[in-house]
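# Chain and residue survey
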Amino acid sequence: MPAQIEAFYDPSTGTISYVIYEARGGKAALLDPVLDYDPKSGRTSHGNAQRLLDFVRAQALQVEWILETHAHADHLSAAAWLKQQLGGRTAIGARIGQVQQVFKDLFHLEADFACDGRQFDHLFEDGECFQIGSLTARALAVPGHTPADLAYQIADAVFVGDTLFMPDVGSARCDFPGGNAATLYRSVQRLLALPSATRLFMCHDYPPASRAPAWQSTVAEQRAANIHLHDGVDEASFVAMREARDRGLGMPVLILPAIQINIRAGALPPADSNGVHYLRIPLNQL
Ligand SMILES: [Fe+2]
């Protein structure tokens, strides 16, 4: 049975969230849901997440999983809010603890912040299989952008996370803590070894002015035309290109707020004694 897939594009962060489901009335997974955040006011809101929620209700779906491909740096996760509304188990890659430790240190988080991924309901090992109702799914470790990145193979589709972008945009950056361009190259080879007709769904699109946002391609299209990783690009030249590009990139606008929420599975940090939740900004560290 092919997976039914509904994509939700957030133009403000370039993120694509997905509802992946069996059929109307069936079981579903949410992938990489976005919590809206206004950095000018420090206010969170649920416009993007509400679109997923409305779709789930309209299709009468039962959410079994709320999946993250990684701890995103460009947007906050709505996993906690959607879990409250719809149920389901949150999940991320088993190596998330490594990412949590790096950022626990950077943000000097509370001493009892656990760096073993326990904030999530489940941690996926590489190759681990799971079900979304009758749909068979498999977690694929694809480190490089971060050490804990996963792709999810669900029925005939693969959600690639931050590895490949659309062919004309290329690949994800590798300069965050624990990132590594050679590792990303090897992860992408793993994806590109899948059957050529495999449907690939992107985590982001940053489209050039000449085209509308897009998020779906195939292994064959990526191997033929990905500007960074088409067939014939070897590891050394990819690494040289990627590292040079990354040196010229600024930090994502939302990295400081996003990471603090996302390593908590989308929960806000504990409230202060006045009941207000605060985020921290480490000065001169990034
Ligand atoms: Fe990312």
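Residues numbered from 1 in each chain as written. Predicted model: local features only at pLDDT ≥ 70, side-chain atom pairs only at ≥ 80, totals over all residues. Heavy atoms only, no water.

## Structural notes on the overall build of the protein
Tallying secondary structure elements over the protein gives seven helices and 15 strands in all. Its C-alpha atoms give the protein a radius of gyration of 18 Å, near enough to 19 Å, the size a compact globule of 286 residues would have. Overall, the C-alpha framework of the protein stretches about 60 × 50 × 35 Å when taken along its three principal axes. Expressed as a percentage of the 286 residues in the protein, the buried residues total 53%. Considering only residue pairs separated by 6 or more positions, the protein has 66% of its internal contacts joining residues 24 or more positions apart. (Helix = DSSP H or I, 4+ residues; strand = E, 2+ residues; numbered from the N terminus. Rg over C-alpha atoms; globule rule 2.2 N^0.38 Å. Buried < 20%, exposed > 50% of the residue type's maximum accessible area, 1.4 Å probe, protein only. Contact = heavy atoms within 4.5 Å.)

## Let's talk about the pattern of salt bridges
Scanning the model with the defined rule gives eleven salt bridges in all. A salt bridge links Asp205 to Arg211; the nearest nitrogen and oxygen atoms lie 2.8 Å apart. Taking the relative accessible area as the measure of exposure, Arg211 reaches 23% and is therefore partly exposed. Sharing partners across several salt bridges, the network here consists of Asp168, Asp205 and Arg211. (Salt bridge = Lys/Arg side-chain N within 4 Å of Asp/Glu carboxyl O.)

## Focus: helix 3 (residues 96-107)
What sets the pattern is the α-helix's 3.6 residues per turn: residues three or four places apart point alike. Under the 1.5 Å per step criterion, the end-to-end length of helix 3 is 16 Å for twelve residues, consistent within 8% with the ideal 16 Å. Buried within helix 3 are the following residues: Ile96, Gly97, Val99, Gln100, Phe103, Lys104, Leu106 and Phe107. Buried residues belonging to helix 3 abut strand 8 (89-93), strand 9 (122-124) and helix 7 (255-262). Following helix 3 by one or two positions, His108 adopts a phi angle in the positive range, close to 50 degrees. (Expected span 1.5 Å × (residues − 1).)

## Observations concerning the sheet that holds strand 9
The mixed open sheet is built from six strands, whose spatial order is 1-2-3-6-8-9. If you trace the sheet from one side to the other, it starts and ends with strand 1 (4-10) and strand 9, each paired once. The sheet shows a mean angle of 25 degrees between the axes of neighbouring strands, direction not considered. Most of the contacts of helix 1 (residues 47-58) go to strand 1, to which it runs at about 160 degrees, and overall it touches strand 1, strand 2 (15-21), strand 3 (27-31) and strand 6 (62-67). Helix 2 (residues 79-86) rests against strand 3, strand 6 and strand 8 of the sheet, and its axis sits at about 165 degrees to strand 6. (Pairing = 2+ DSSP bridges. Axes fitted to C-alpha atoms, helices over the stretch in contact; angles between N-to-C directions.)

## A word on the nonpolar core
Counting residues in each nonpolar core, the largest one holds 24 residues, and the members touching the most others are Val19, Leu30, Val56, Leu61, Leu76, Leu82 and Leu86. Of all the secondary structure elements, the ones that give two or more residues to this core are strand 2, strand 3, strand 4 (34-38), helix 1, strand 6, helix 2 and helix 7. Once you skip the residues sitting within four places of it in the chain, Val19 turns out to touch Gln4, Ile5, Glu6, Phe8, Ala28, Ala29, Leu30, Leu52, Phe55, Val56 and Leu61. (Core = buried A, V, L, I, M, F, W, Y, C linked by side-chain atoms within 4.5 Å.)

## Some words on the coordination of the iron ion
In a perfect tetrahedron of four donors around a metal, the angles come out at 109.5 degrees. In a perfect octahedron of six, they are 90 or 180 degrees. Every protein donor of the iron ion is accounted for by His70 (NE2), His145 (NE2) and Asp162 (OD), and the metal-donor separations fall at 2.0 to 2.4 Å. Here the donor residues for the iron ion map to a single chain with the spacing H-x74-H-x16-D. Residue His145 is located in the loop between strand 11 (135-141) and strand 12 (150-154), and its partner Asp162 is located in the loop between strand 13 (157-159) and helix 4 (181-192); the two are separated by 17 residues in the primary sequence. Here His145 matches Asp162 in class, with each residue buried. (Donors = N, O, S within 2.8 Å, 3.2 Å for Na, K, Ca; no water.)

## Observations concerning the packing of aromatic side chains
Taken as a whole, this structure holds 14 aromatic pairs when the rule is applied. With a centroid separation of 5.8 Å and an interplanar angle of 40 degrees, the aromatic rings of Tyr185 and Phe238 are classed as tilted. Separated by 53 residues along the polypeptide, Tyr185 in helix 4 and Phe238 in helix 6 (residues 235-247) bring together distant segments of the chain. With a relative accessible area of 0%, Phe238 lands in the buried category. Ring pairing ties together the aromatic residues Trp65, Phe124, Phe130 and Tyr152, which thus form one cluster. (Phe/Tyr/Trp six-rings, centres within 6.5 Å; stacked < 30°, edge-to-face > 60°.)

## Re the environment of Thr69
Along the chain, Thr69 falls in the loop between strand 6 and strand 7 (76-77). A sequence separation of 152 residues divides Thr69 from Glu221, and the C-alpha atoms of the two residues are 22 Å apart. Leave out the neighbours within four places in its chain, and Thr69 touches Leu31, Asp32, Ala148, Asp149, Leu150, Tyr152, Gly161 and Cys203. A polar side-chain atom of Thr69 sits 3.0 Å from a polar atom in the side chain of His70. (Polar contact = N/O pair within 3.5 Å; in protein donor to acceptor, adjacent residues only side chain to side chain.)

## Side note on unusual backbone geometry
Positive phi values are uncommon outside glycine, yet Ala60 reaches one of about 55 degrees. For Ala60, a relative accessible area of 40% corresponds to the partly exposed category. Not every positive phi belongs to a glycine, and Asn284 is a case in point at roughly 60 degrees. Inspection of the secondary structure puts Asn284 in the segment after helix 7.

## Brief notes about the state of the cysteines
Here is the idea: a disulfide is a covalent bond, and it sits between the sulfur atoms of two cysteines. One pass over the full model with this rule turns up zero disulfides. Note on Cys174: no disulfide assigned, nearest cysteine sulfur contributed by Cys203 at a separation of 14 Å. Residue classification places Cys174 among the buried positions, given a relative accessible area of 7%. (Disulfide = S-S within 2.5 Å.)

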